[in-house]
Structures are given as C-alpha cells and as structure tokens.
Amino acid sequence: MPSCKSADGEVVMGRWPGSVLYYEVQVTSYDDIAHLYTVKYKDGTELALKESDIRSQSSFKPRKSQSSSSSPSRRSSSRSRSRSPGRPAKGRRRSASQSRERKDDKKKTIQETSLALPVLVWLAKTVSFNQKPSENNTKSYNGEPESTEKNDTSCIILEQKLKPDLEVKRVLEQYSLRSRKDEKKKEEIYSEKKIFATVKTIEKASSKPKELEFGGRIGTFLLIFFLPATVFYLLLMCKQDDPSLMNFPPLPALESLWETRVFGIFLLWFLLQVLFYLLPIGKVVEGLPLSSGKKLQYRINGFYAFIFTAAAIGILLYFQFELHYLYDHFMQFAVSAAVFSLALSIYLYIRSLKAPEEELAPGGNSGYFIYDFFIGHELNPRIGSFDMKYFCELRPGLIGWVVINLAMLLAEMKIHNLSVPSLSMILVNSFQLLYVVDALWNEEAVLTTMDITHDGFGFMLAFGDLVWVPFVYSLQAFYLVGHPTVITWPVAAAITIVNCIGYYIFRSANSQKNNFRRNPADPKLANLQFIATATGKGLLITGWWGFVRHPNYLGDIIMALAWSLPCGFNHILPYFYVIYFICLLVHREARDEHHCKQKYGLAWERYCQRVPYRIFPYIY
C-alpha cells in the first residue's frame, strides 16, 4: 500500500462514485493488484474506490452555505449530484438560491417564448400561402370554395390565439430545439446513468475474490494431490492389523489399484443415479435468486431415487449377488471414483470458459487457473435441465455411502462367520442411514446452502461428493470389518442418546433457518425475533440461532462423535472423521463469518454482539 494513503481501519474522506462529494468512510482493505480500496460508509455500504478518490480528513474544511450570487450552472450541477446513502431524500428545506433559480428559469422560458413567436407566425404564413390547392384545402365544410382572403384571416387568428406553450412546442418539434429545463433534465438523467454504470463497474471489479481461500494458488495446487493421498492413506491404514499412526502402511503395486471392471461398475452406478434423477416424479421448486435475479428450477426426487436404489440392491441380493465385492475391491473403487472426478473437473472448467460473466461463481472467478479449477469457475453448470452440481451433491456419493456401509456389514458377517451383524456395526449403519435419509427427505433445504448458492462446481466439490463422502464417511464401518469391537447394551444405549441429541439440534436448527428463509411471515415462526438487514433478509436472534451462530454445525459434530464411539478407543483412526469434521466446520464458519460481514454490514456486527458464541457455547 502506498505510504501516502491510509491504513486499514483508518477513517478518511471518500468520494461517492459519479459525484464530487466526499463522505466519511472507513478503510477496510486494499487490493494490491487492482489498486482499489474497500471502504465502508456510515450506513454499512461497502464500495471499492480508487486511490485518487480518497483524501485525508485534514484536507477538508467546513464549507459555508452558498450565497445568492452562485451561478446557475453551479446550482444546476449541484442538483445533478448523486446522494450519499446516508443522506435522507425527504425533509430537506429549499434554500433561497434554489427558489431564485426557479424564478430565473421561468423568466428565461418566457423570453424564449417571446423570441419564438415571430418565427412561428412567419412559419404559419409561409405554410398557408405556399400550399398547393387541393380538394381538402380549397373547400369549406359545405363544399363551397374558400377565398384567399379567408386564408389571410385564418393566419391573423392563428397569430392572435397561439399560446406560448403551443409555440414553444412547435418550434421544438420542427427545429429539434430544447429549453434549458430539458437540457438540465437530460444532464441529470445522464449523470444518474453514469453513476449507475460506475457502481456496476465497481461491483463487477469487487465481485472477484480479494482473499483467496485454502492458501491461494499454492495451497489449492497442493490440495489437488493431498486430498486423494489422504483418502488412500486412510483406506490402507484400515487394512492393517495395527492401524496406529506410527505404523505407515506399505504401498501397493500400481497395477493392483486399477481394474477396468471396477471402473465400469462405478460408471454404471453413476448413470443409474442420473436415470433416477431425470425421472419425471417429485415436485419442481425454485432455488434462491441468483445475482442476475433469475431463479433456477430443481426437481425434488432424491428420496424416490433412494427407494429405487434400495429396490435394485434388494433384487441383486435376491439373485445372490455378493455385495461384499465392494469390500474386496474397495481401494480400486476409490481410485476409479478419483479418476472420474478428475475427468469431470477438467470438463467443468473447459465448459466454464464459455459461460457468461453472470453465471460464474463469486468465489471461483479469481483469474488464476489452478485456484478457479479447484474452487469451481461456473456456479450452476447445466446440460439442459440436468444440474450437475445439484445432482452430485446428494445422489451418487451420499446414496453410495449407504450402499458401502451395507457391503461392510455383509463382509463382516462373512469374514467372522456371524449370523447377525455386531452391535457396533448395527449402530454405525443405523446412525449414518438416518443422516442420509434425513438429507434426502429434506432435499429442498440443500438449495439454501453455500454449496449451491455461492460455491462453483470444480475439483473441490466433485472430489468431495464422489470420493470423500462415500469412502471417508464410511471409514468407521470399514474399520469394524478388520477390527471388531464388542460393546454392551447400556453403552449402546448411551451412544444412541448422544446421536439423538446431535440429530435433534442439527435438524431443528436447519428447519428453523430454512422455514424462515422461505417464508418469514409464517405464523408458526411468529415467536422468533430477528435483526432486519439492508438486503431485506433477517438474522434470527432467538431459537437455536440465538444460542450460537451455527447450531447446525454443533449438531453435526455431536453426531460425528456418536458414529465413532462404537469403534472403541484402541486406535485414533476411527476418530479421524471427528477431527476432520471439526476442522472443516471451523473453516466453513470462518468463511461464513467473512461472507455475512460483507453481505449484511452493520447488521451482522449487531448480530455478533447479541450472539457471541460461534459453534460451541461458552467455548468458541
């Protein structure tokens, strides 16, 4: 940042775009690349200003009121200036100079009218004497010929009866003249259009992310390799007899990680879920408005897809298909899913290069290839009505998670010669099945999440939906196959209570938020209090959202703990999911805080004062 300019947090004077007026603003950040200052006005409005538009407060002195000798042009320009967001439009008293200005304009209009009168009379006479005789202008209404004297008389009558407004109007029409009032109005309209264009340009410039997430270009480049490596490391650890962190697993041969048949089964699974998604069943709803004001339509049939998948799995088991094949080739399925997600990410980025500006994701439009490839360049990539991001969010990965858990349950019974699954495996399958069914039953609530409304569809979501969710979230079930854990019924009951508490917090908090967003005037929500924002939305300060800022994250973490407890305490590996979930939600919470602060301004600061705890009450 240049030394002559202000530092972050300093109060300076900033010029309002499209005007010469300066207002008191606070510098929040500076973009070294675009050389723009992000400043906040007193009403919470945030804009990006150039260096030349910012001055120190010491360079301004209190201005005296304008005298009555101010020039009309100066007064005219003062009226065309745009108002600051903090200045009220009503209740402003008119000054003496403004009233004199109106009188001057009226006198000048009368003068212009008196000057135009002889011209109009001469034009009227010229038109009447130079017109060629025709049937229409040489006969009266009764059909008798009219004399030339009558034409002269009509000209005299016209000269006497013409009014100033009519004369001015005819002169303006024939000679394209404009009065000073029209010129002033035109200048005001032009000034407003210029201001609007300037603000739109600033918004477009500020729409690009100023702070890159995940360590920027270098961080996202490393994550593209680190995330698949983490998945393969966890799966190899679960296969070991001693899955301690210090016991690094031996690397398998590369040729053993790939099998064409496994990749074909994965493609068949993906296409089967596409078929279920395209079935014309379930209601069609509209998503939240995009930046362009457009609302996309989504078909809500995820729960039907789950029922059809369960029926298909039941048919396979009836014909004695060995579902534990998934356990035997688990690593190969993970590699196939990773290869497919990488290919899908490349396709998504290539097609996003032709997408219009308004269809790009706010967070994935940085201009850096690696970063935009990871975050996702296009917000809602679609092929016709097939929304690829929305489809991958809930279908192949989430439903696949349940299928994998079932395969692990059958593998445990076969390997350990059990007639019924272990109590630990039943708890893990039941808890996670409840979570998946809840997500599919409340599928419409996904439309209000940041994954749909803010994040683009790139490698991060493609790999997360198709690889991370089914193969990492099923880690507890995979662990129990090779490391059976015996628990008693009282312990199982206690773990069940923990899961129910987490689920209740998670579901009730999400329901409050989604219902309030959809219909704030719902009588069922009359007991909820909120803080109004400049965007027209409200911030809940009662209920779960008055307890902590992100109660749904609190419920998620409690449930994740309940999923890991059936695995015992011999190794930390089953609790990786809990550690990961805490880190993920803390990162998401920090991102949500930054996003909400920019979006809601002062209202968000008031909300944070009312609700000081973020996720954990009295802790964080």
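The rules behind the values
- Note on numbering: residues in each chain are counted from 1, in written sequence order.
- Two thresholds apply to this predicted model, a pLDDT of at least 70 for residue-level local features and 80 or more for giving and counting side-chain atom pairs, whereas whole-chain, interface and lining totals are computed over all residues.
- The side-chain quantities take in all heavy atoms of the structure and omit both hydrogens and water.
- UniProt positions are given in the numbering used here, feature names are shortened, and annotations may be inferred rather than shown by experiment.
- Working definition: helices are DSSP H or I runs of at least four residues, strands are E runs of at least two. Numbering for both runs from the N terminus.
- Accessible area is worked out with a 1.4 Å probe on protein chains only. A residue is then buried under 20% of its type maximum, exposed over 50%, and partly exposed in between.
- In what follows, residue pairs with any heavy atoms lying within 4.5 Å of each other are defined as contacts.
- In this description, strands pair whenever DSSP reports at least two bridges between them.
- Polar contact is defined as a pair of N or O atoms within 3.5 Å, subject to the rule that within protein one atom must be able to donate a hydrogen and the other to accept it, and that residues adjacent in sequence are counted only when both atoms are side-chain atoms.
- Nine residue types can take part in a nonpolar core, namely buried Ala, Val, Leu, Ile, Met, Phe, Trp, Tyr and Cys, and a core is a set of them joined through side-chain atoms within 4.5 Å.
- Patch criteria: residues need more than 30% relative accessible area and no salt bridge. Like-charged residues are merged within 9 Å; nonpolar side chains of Val, Leu, Ile, Met, Phe, Trp and Tyr are merged within 5 Å.
- Using a 1.4 Å probe, the Shrake-Rupley method yields the accessible areas, and only the shown protein chains count as cover for residues.
- The term salt bridge refers to a pairing of a side-chain nitrogen on Lys or Arg with a carboxyl oxygen on Asp or Glu at a separation within 4 Å.
- A helix is expected to span 1.5 Å for every residue after the first.
- For helices, the fitted axis covers only the stretch in contact; all axes are lines through C-alpha atoms, and the angles between them, taken along N-to-C directions, range from 0 to 180 degrees.
- We call two directions roughly parallel when the angle between them is under 35 degrees, roughly antiparallel when it is over 145, roughly perpendicular when it lies between 65 and 115, and oblique otherwise.
- Polar here means any residue other than Ala, Val, Leu, Ile, Met, Phe, Trp, Tyr, Cys and Pro, which are nonpolar, and Asp, Glu, Lys and Arg, which are charged; Gly is therefore polar.

An unreviewed UniProt entry lists the chain under the name Delta(14)-sterol reductase LBR, from Calyptomena viridis. Annotation of the chain in UniProt includes, under Pathway (unreviewed entry), the sentence "Steroid biosynthesis; cholesterol biosynthesis." Its UniProt record gives the chain a comment under Sequence similarities (unreviewed entry), which states: "Belongs to the ERG4/ERG24 family."

The next point concerns the overall build of the chain. Looking only at helices and strands, one finds 20 helices and eleven strands in the chain. Within the span of the chain, comprising 620 residues, buried residues form 44% of the whole. Considering only residue pairs separated by 6 or more positions, the chain has 71% of its internal contacts joining residues 24 or more positions apart.

A sheet is described by the order of its strands in space; here five strands give the open sequence β4-β3-β2-β1-β5, paired in antiparallel fashion. The open sheet has two edge strands with one neighbour each: β4 (46-50) and β5 (54-55).

Turning our attention to the environment of Arg299. Along the chain, Arg299 falls in strand β7 (residues 297-300). Residues Arg299 and Tyr277, spaced 22 residues apart in sequence, show a C-alpha to C-alpha distance of 8.0 Å. Residues in contact with Arg299, not counting those within four places in the same chain, are Tyr277, Leu279, Pro280, Ile281, Gly282, Lys283, Val284, Tyr390, Arg395 and Glu443. There is a polar contact of 3.5 Å between the side chain of Arg299 and the backbone oxygen of Ile281.

Our next topic: unusual backbone geometry. Positive phi, close to 55 degrees, is recorded for Phe214, a residue that is not glycine. Counting through the fold element by element, Phe214 comes out in the loop between α5 (180-207) and α6 (216-239).

Right, let's get into the pairing of strand β2 (residues 22-31). Pairing of strand β1 (residues 11-15) with β2 involves five bridges; the strand directions are antiparallel. Across the sheet, residue Met13 finds its bridge partner in β2, namely Glu24. Pairing analysis gives five bridges linking β2 to strand β3 (residues 36-40), with the strands arranged antiparallel. Bridge pairing links Val27 to Val39 in β3.

In this fold, His550 is placed in the loop between β11 (538-540) and α18 (551-564). A relative accessible area of 7% places His550 in the buried class. Those residues in contact with His550, other than ones at most four positions away along the chain, are Trp545, Glu589, Asp592, Glu593, Arg614 and Ile615.

On to the nonpolar core. One finds Met408, Phe471 and Tyr473 to be the most contacted residues of the largest nonpolar core, which totals 112 residues. Setting aside residues up to four positions removed in sequence, Met408 forms contacts with Tyr327, Phe330, Met425, Ala477, Phe478 and Val481. Core analysis: the second largest hydrophobic core is formed by 16 residues, Ile531, Ile541, Trp545 and Ala603 among them.

Under the UniProt annotation, "transmembrane region" (unreviewed entry) lies at residues 214-236, 256-279, 300-319, 331-350, 461-481, 487-506, 527-548 and 568-587. Overall, residues 461-481 shows 90% helix and 0% strand. The separation of its end C-alpha atoms is 29 Å. Along residues 487-506, the helical share is 90% and the strand share 0%, with 26 Å between the first and last C-alpha atoms.

For the rest of this paragraph, the subject is a nonpolar patch on the surface. A cluster of nonpolar side chains, contributed by Ile218, Phe221, Leu222 and Phe225, occupies part of the molecular surface with about 450 Å² of accessible area. Tracing the chain through its elements places Leu222 in helix α6.

Helix length check: helix α8 (residues 302-318), at 17 residues, gives a terminal C-alpha distance of 24 Å against a target of 24 Å (1.5 Å per residue), a fit within 8%. Gln320 sits one or two positions beyond α8 and adopts a positive phi of about 65 degrees.

Contact geometry of α6 with helix α10 (residues 330-352) gives a least axis separation of 10 Å together with a crossing angle of 175 degrees. Comparing their axes, α10 and α6 come out roughly antiparallel. The segment α6 lies against α10, with Phe232, Leu235 and Leu236 engaging Phe330, Met331, Ala334, Val335 and Ala338. Split by residue class, the contact of α6 with α10 holds eight nonpolar, no polar and no charged.

Here we take up the pairing of β7. Side chains of β7 alternate between two faces, with Tyr298 and Ile300 buried and Gln297 and Arg299 left unburied. Pairing between strand β6 (residues 283-286) and β7: four bridges, direction antiparallel. If you follow Val285 over to β7, its bridge partner there is Tyr298.

Once that is clear, we can look at the side chain of His377. Note on placement: His377 falls in the loop between α11 (369-375) and β8 (382-383). Other than its neighbours up to four places away in sequence, His377 contacts Tyr349, Ser352, Leu360, Ala361, Gly364, Asn365 and Asp372.

Here the focus is the pattern of salt bridges. Under the criterion given, the structure shown has seven salt bridges. Of the charged contacts, one joins Asp53 and Arg15 as a salt bridge, the two residues approaching to 3.1 Å between their closest N and O atoms. Of the two residues, Asp53 is situated in the loop between β4 and β5 and Arg15 in strand β1; the sequence distance between them amounts to 38 residues. Residue classification places Arg15 among the partly exposed positions, given a relative accessible area of 22%. A salt bridge links Asp387 to Arg382; its shortest N-O distance comes to 2.9 Å. Summarising the burial analysis for this pair, Asp387 and Arg382 share the class buried.

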